[in-house]
Amino acid sequence: MLVAALTNATNGIVISANVKGRPIVYCNPAFEQLTGYTRSEIVGHNCRFLQGEGTDPEAIHQMRTAFDAGAATELVVLNYKKSGMPFWNALNIGPIHNAQGTLTHFIGVQTDVTERIDLQKQLEQRAFTDVLTGLPNRAQFMHELERELGLVDRQGHLALGFVDLDDFKSVNDTYGHKAGDELLIQVAARLRGVVRGADLVARLAGDEFVLLLRQTASRDVLEQIGSRTLDTFQRPFVLDAATVTVHASLGFVQHVAGEHAAALLERADHCMYAAKHQGKNSFVTD
């Protein structure tokens with residue numbers, strides 16, 4: 001009955017010996033189907049053959065720690081089928097002891113949860129992405145900013161740019177909201193081209209964008225990025241309804257020690273408004 005249960009279980013099941021290398025001594029048909037490997041390719045080998053480039057080292061460490069301690073553990077890990085296709089594997093590992101209490105084997109029950117993880121990632125992506133432009137939204141930006149502020153002492157200087165379009169409302173009023181949306185999409189693309197690879201562009205709301213500028217140690221760098229940002233707005237935007245020229249007002253600030261995220265963002269916002277008051281189509285740094 002026990003053999004029949006293992007053989008007919010829909011979860012992949014392997015049993016490994018608690019000896020050097022912890023080779024697999026048994027696998028059920030569901031494990032063969034799950035991984036694409038045959039029994040002859042599985043038995044005698046350690047389960048690490050399922051690991052690959054994307055497998056999280058922390059997950060590997062968790063498994064090794066459990067094996068070394070003779071303890072049970074549960075985790076979700078990225079594994080790879082024989083074809084090379086990745087899949088998310090919900091893994092439950094348990095120790096097996098003999099009648100004398102000696103740890104002799106481990107049993108691993110494995111389930112493909114790729115659909116669940118993919119759905120979860122999609123929901124997370126929607127929660128942190130601006131639907132219109134595809135940029136990170138305010139929530140994602142604040143998360144990244146808080147994270148960077150926690151690392152700034154170790155990784156170097158941090159700066160912030162605040163971008164607000166000049167007279168964006170007139171585009172909506174004259175050509176309609178569809179044209180306004182087209183403009184915002186093109187602005188997002190241009191701003192991506194302004195920043196460096198390590199930097200982040202996000203849309204806060206409406207026609208407000210922010211630039212998270214990592215490793216920015218001097219005002220000269222801010223001046224360069226400010227100039228490039230203004231330059232990118234000098235070319236007209238070609239929309240379905242019309243070709244329009246829209247400029248922007250910019251505020252750039254460098255982080256100071258002990259400054260929290262909200263204060264840094266507020267300073268950048270104030271600099272942007274200072275640029276608007278001095279005639280728009282300009283930038284102010286602090």
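What counts and what doesn't
Residue numbers run consecutively from 1 along every chain, following the written order of its sequence. Thresholds applied to this predicted model are a pLDDT of at least 70 for local features of residues and 80 or more for the giving and counting of side-chain atom pairs; totals over whole chains, interfaces and linings are not thresholded and use all residues. Hydrogens are left out, water is left out, and the side-chain values use all remaining heavy atoms of the structure. Elements are defined by DSSP. Helices are runs of H or I of four residues or more, strands are runs of E of two residues or more, and each kind is numbered from the N terminus. Accessible area is worked out with a 1.4 Å probe on protein chains only. A residue is then buried under 20% of its type maximum, exposed over 50%, and partly exposed in between. Note on contacts: a residue pair qualifies if any of its non-hydrogen atoms lie within 4.5 Å across the two residues. Charged residues are defined here as Lys and Arg on the positive side and Asp and Glu on the negative side; His and the ends of the chain fall outside this count. A charge is said to be at NZ when it belongs to Lys, at CZ for Arg, at CG for Asp and at CD for Glu. Strand pairing is defined by DSSP finding a minimum of two bridges between the two strands. Axes here mean lines fitted to C-alpha atoms, for a helix over just the part in contact, with angles spanning 0 to 180 degrees between N-to-C directions. UniProt positions are given in the numbering used here, feature names are shortened, and annotations may be inferred rather than shown by experiment. A helix is expected to span 1.5 Å for every residue after the first. An arc is given here, and it is the one of the directions from the helix axis to the C-beta atoms.

Asks: What exactly am I supposed to notice about the overall build of the protein here?
Replies: Along the protein, the regular secondary structure elements total 10 helices and 12 strands. Seen along its three principal axes, the alpha-carbon backbone of the protein occupies a region of about 85 × 45 × 25 Å. Within the protein, the fraction of its 286 residues that count as buried is 45%. Expressed as a percentage of contacts within the protein between residues at least 6 apart in sequence, the contacts between residues at least 24 apart total 55%. One way to put it: in the protein the 26 positive side-chain charges average out to a point 6 Å from where the 33 negative ones average out.

Asks: Got a minute to help me understand the sheet that holds strand S6 (residues 158-165) in this structure?
Replies: A sheet is described by the order of its strands in space; here five strands give the open sequence S7-S8-S6-S11-S12, paired in mixed fashion. The open sheet has two free edges, formed respectively by strand S7 (200-205) and strand S12 (283-285), since each of these has just one partner strand. Across the sheet, the mean angle from the axis of one strand to that of its neighbour is 20°, orientation sign disregarded. Across three bridges, strand S11 (residues 248-254) lies against S12 in parallel orientation. Among the inter-strand pairings, Gly-251 is bridged to a residue of S12, identified as Val-284. Each of S6, strand S8 (208-214), S11 and S12 is contacted by helix H9 (residues 219-232), which is oriented at about 165° to S11, the strand it contacts most. Against the sheet, helix H10 (residues 261-277) contacts S6, S7, S8, S11 and S12, and its axis sits at roughly 140° relative to S11.

Asks: For this particular structure, what's the right way to read the UniProt feature "domain: PAS" (unreviewed entry) in the protein?
Replies: In the numbering adopted here, UniProt assigns the feature "domain: PAS" (unreviewed entry) to residues 1-46. The distance from the first to the last C-alpha atom of residues 1-46 is 27 Å, and the span holds 39% helix and 22% strand.

Asks: Can you walk me through unusual backbone geometry in this structure?
Replies: Most peptide bonds take the trans form, and the phi angle of most residues other than glycine is negative. With phi around 60°, Asp-167 is a residue other than glycine that occupies positive phi space. Structurally, the position occupied by Asp-167 is in the loop between S6 and helix H7 (168-175). Judged by its relative accessible area of 46%, Asp-167 falls in the partly exposed class.

Asks: Help me understand helix H4 (residues 57-69), please; the structure alone is not making it clear to me.
Replies: Residues spaced three or four apart along an α-helix point in a common direction, a consequence of the helix completing one turn every 3.6 residues. The end-to-end C-alpha distance of H4 is 18 Å, a good match for the 18 Å that 13 residues give at a rise of 1.5 Å each. Here H4 has its buried residues at Ala-59, Ile-60, Met-63, Ala-66 and Phe-67. Along the axis of H4, the buried positions cluster into a sector of 130°, meaning they face one direction only. Among the exposed residues of H4, those oriented more than 90 degrees off its buried face are Pro-57, Glu-58, His-61, Asp-68 and Ala-69. On its buried face, H4 is in contact with strand S3 (73-80), strand S4 (86-97) and strand S5 (103-112).

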